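Commentary on secondary and tertiary structure
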Amino acid sequence: MHGTDQTARRLLDSSARLSRDPQTEVDWAAPLGDGYGLSPEWSTLYGTAYWDELTEPQRVELTRHEAASVASTGIWFEMLLQQLILRDMYSVNPADPEFQWALTEIADECRHSIMFAQLCGRLVDVRYRPGRAARELGRAFKTVATGETAYAAILVAEEMLDVMQRDWMRDRRVEPLIRTVNHIHVVEESRHMVFARDETRQRLAGAGAVRRSVSALVISLAAEIIISSMVGRAVYANAGLDADRAVREARGNEHHRALLRSSCANLMDFLGEVGLLTPAATRVYRRTGVL
């Protein structure tokens, strides 16, 4: 059994023991309290003059809209992820552990998307989704991305969310419903990240410099789209804030950029290790704020 099959078998065993069911483990009927939607320090406005001017109820409302927007971005990318994996596994032998784990991961992501959708419905009365340009680029990406480009892009999205949600699930200032959802997602995504790292290494075996350079740039651009889609102008408007000012201050928020850099430190180390942190990709990551 080669390395990928060994990893897949371990993940299948882990999934059989530890998979979670949001429909039975989350009390969706419980009334919401007055907790934050995410750790205040993770708000895109935390550390700005605008944040200092907000009342406590305004801060709570803002973070709930931010949490709903992040969850909606998660749904969007999970739908792309499922298509990428299905296409990649289309001709794989169904008896292979890799094939069976891939379908298990897709089942996990289906549950996660439903869980995030229910969470959004509880938090806010508006719908968030990435902008049209991001959606169309995502449509193209899921159609053409293969190999390390697909799996490293999956890893990028999962790693960034993982660090954020680990903070939110431990923070007692955050609404209990949100903490539970984040905990379920963190537990199951840890297996997905192991698989994405293993697949990325396997697909890069023997890859030449040109292929690595192209893949690295595409992955960095995918990361930029994901990050820029998490919280947009509509979030501030729907939270009752001056959207122009909020966007301006969020863009210049060094505190938030520092958190992004810390959340992506392990990811950047991995990309560097496998040769996907090229000069062109590094420029994109610096522009995005994760380096």
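Structure's up top.
Here's what I pulled together on the structure shown here. Note that the coordinates shown come from a computational prediction; the quantities given were computed from them, not determined experimentally.

What counts as what
Residues numbered from 1 in each chain as written. Predicted model: local features only at pLDDT ≥ 70, side-chain atom pairs only at ≥ 80, totals over all residues. Heavy atoms only, no water. Helix = DSSP H or I, 4+ residues; strand = E, 2+ residues; numbered from the N terminus. Rg over C-alpha atoms; globule rule 2.2 N^0.38 Å. Contact = heavy atoms within 4.5 Å. Areas by Shrake-Rupley, 256 points an atom, 1.4 Å probe, with all protein chains shown as cover. Lys, Arg positive; Asp, Glu negative; His and termini not counted. Charge placed at Lys NZ, Arg CZ, Asp CG, Glu CD. Expected span 1.5 Å × (residues − 1). Buried < 20%, exposed > 50% of the residue type's maximum accessible area, 1.4 Å probe, protein only. Arc of directions from axis to C-beta. Core = buried A, V, L, I, M, F, W, Y, C linked by side-chain atoms within 4.5 Å.

Looking now at the overall build of the protein chain. Secondary structure summary: the protein chain contains 14 helices and zero strands in total. Scaling as 2.2 N^0.38, a compact globule of 291 residues should have a C-alpha radius of gyration of about 19 Å, and the protein chain matches this with 19 Å. Seen through its C-alpha atoms, the protein chain measures out along the principal axes to roughly 60 × 45 × 30 Å. Contacts in the protein chain between residues far apart in sequence, at least 24 positions, make up 84% of those at least 6 positions apart. As displayed, the protein chain offers around 12900 Å² of accessible surface, 54% of which is attributable to carbon and sulfur atoms. Charged side chains of the protein chain number 35 positive and 39 negative; the gap between the two group centres comes to 4 Å.

Moving on, we get to helix α6 (residues 132-144). Taking 1.5 Å as the rise per residue, α6 with 13 residues should run 18 Å; its terminal C-alpha atoms sit 19 Å apart, in good agreement. Taken residue by residue, α6 has A134, G138 and F141 as its buried positions. Seen end-on, α6 carries its buried residues on one side only, within an arc spanning 65 degrees. Those residues of α6 that are exposed and angled more than 90 degrees off the buried face are R132, A133 and V144. In this structure, the buried residues of α6 make contact with α4 (56-88), α7 (147-170) and α9 (209-230).

Within the element layout of this structure, A207 appears in the loop between α8 (176-204) and α9. Spatially, the C-alpha atom of A207 lies 28 Å from that of M79, the residues being 128 residues apart in sequence.

Ranked by size, the top nonpolar core spans 90 residues in total, and within it L45, L62 and Y236 carry the most contacts. Not counting residues up to four positions away in its chain, the partners in contact with L62 are S43, L45, W51, L54, V235, Y236, A239 and L241.

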